[in-house]
Every structure is written in structure tokens, then in C-alpha cells.
Amino acid sequence: MFQFLDFLRGPELDTLSIVVRLFLAVLCGGVVGIERERKRRPAGFRTHILICLGAALVTLTSQYLLLELKLFTDPARLGAQVIAGIGFIGAGTIIVTKRRQVKGLTTAAGLWAAAIVGLCCGSGFFEGAVVATIVILLAEVVFAKIEYFIISNAKTINLYVEYNESSRLANIVDTIKKNGAYILDLEITKSPNEDHNLCAIFSMKCPRKISHQALMTLVAKIDGVVAVEEL
């Protein structure tokens, strides 16, 4: 695809080749990181750049040891450690909220993908790096809207309801059942806030005749209900 860059893929590492590969790593990592930064995720613009740049530098170092220093080494070994080691950074972006929601998985996956793109840049696989960056953006921007549409129209819904008195639970259950929803599971806890309200997490099947938002609105109107949120 990028035949005009073939002179940068040669067996010898020169200054221009190194600069182009590292610059492309910064560009690809930055493009992916901008999308995460706009959504205020824990790992954003600079983090993705550093990870992509670091992975590219690891690949260049492997090639330098083999081609320039003539050391008997496996050039793929350091790159393999990047793929495994990035999991520690990705784990730092994943959190489990007090409402038992898992957040940060997409960001962690994006960091891992950015590291792979960096390996592509460092090895001179420019086509793979550019195409992968475009596909990653599609997954994070376009496919996210498709995912939201699927979730908003799914039959199964997890509903977090916070209420101030234990007697309100019966009214909540009655409202849910009257609107055709079938409760699959119910978990009752206490709110982590200082007000110590009661909390209920409903796992249920919602009929297609009523939307998730409409059901949440009906539950929110019940006396004593403090908060309603879809998990």
C-alpha cells in the first residue's frame, strides 16, 4: 500500500527510518488517545502516545541489537513482553463501582491495541499501523453508537433503585410487574452514601411495548424513590 516508504523498511536502521517510525507511532497513538480524552477517560491523549511510542521503541531496540550490534537474539522477544506487560497498565484503568458496575474495559482494550500499533510502527509495518488506527477509531466512535442502540432496545435490563424506606420496595415491585416486566433477580443493599438509603438492583426482562427510559420514569415517580439508574 505504501510502496513509497519501502526505502524505510530496509535491513539497516538509519536516522530517517527511526524518526519516521517513531513519529508515526506518536501520530497513531495520539489519534486514538484524543477520542478517549474527549470522553474524560483515565487514559487519554498523552497516555496513548507514550504507550504507542514505547512499543515502537522496543521494536526498534530489538532490531538494533540484531542488525547493528550483531547480537544473537530473538527480535520478537521484547515485543512479546510489551503485549503481556501492557496488561498491568490496562488493569489500572478498570474499576468496579460501588454499584457493581465494571468500567474502563474499553479504555484498557484501547491501550493494548495502541501498544500493538506501536509495534507495527517500530517494525516498519506502516500499512498495518494506519489501517488498525482507523479501525480502532471506528470501534470507539461509530460502533459505540450501535452498541448503545442494541443495549437500549434489549429485553434484559439491570435497574439500580435507591429508596428511603423498606416499605417502598413493595410499591416498586408492583409498578414493575404492572408494566409487564419480569423480575429475574433482586439484590438489596444499603447506599454507600451518608444518608444510608436502601438500594435494590433489579435484573429483569422488559417488554418491547415499554422502553427502558419509560420504565425508569415510572419507577422514579414512586413516593420514596430517591434515584433510578440503568446499570
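Residues numbered from 1 in each chain as written. Predicted model: local features only at pLDDT ≥ 70, side-chain atom pairs only at ≥ 80, totals over all residues. Heavy atoms only, no water.

## Let's talk about a nonpolar patch on the surface
Thought 1: Among the surface-exposed residues, I134, L138, V141, V142, F143, I146, F149 and I150 lie close enough to one another that they form a single nonpolar patch of about 730 Å² accessible area.
Thought 2: Within the secondary structure layout, F143 lies in helix α5 (residues 126–152).
Thought 3: When its relative accessible area of 44% is taken as the criterion, F143 is described as partly exposed. (Patch = residues over 30% accessible without salt bridge, like charges linked within 9 Å, V, L, I, M, F, W, Y side chains within 5 Å. Areas by Shrake-Rupley, 256 points an atom, 1.4 Å probe, with all protein chains shown as cover. Salt bridge = Lys/Arg side-chain N within 4 Å of Asp/Glu carboxyl O. Helix = DSSP H or I, 4+ residues; strand = E, 2+ residues; numbered from the N terminus. Buried < 20%, exposed > 50% of the residue type's maximum accessible area, 1.4 Å probe, protein only.)

## Section: the sheet that holds strand β5 (residues 198–205)
Thought 1: Across the sheet, 4 strands lie side by side as β4-β5-β3-β6; this open sheet has antiparallel pairing. Because the sheet does not close on itself, it has two edges, and the strands there are β4 (182–190) and β6 (225–230). Taken over all neighbouring pairs, the strand axes of this sheet differ in orientation by 20 degrees on average, direction set aside.
Thought 2: Bridge count for β4 against β5 is 8 bridges, and the pairing is antiparallel. Its bridge partner lying in β5, I183 is registered against M204.
Thought 3: Helix-sheet contacts for helix α7 (residues 212–220) involve β3 (156–163), β5 and β6, and the interaxial angle to β6 is about 165 degrees. (Pairing = 2+ DSSP bridges. Axes fitted to C-alpha atoms, helices over the stretch in contact; angles between N-to-C directions. Contact = heavy atoms within 4.5 Å.)

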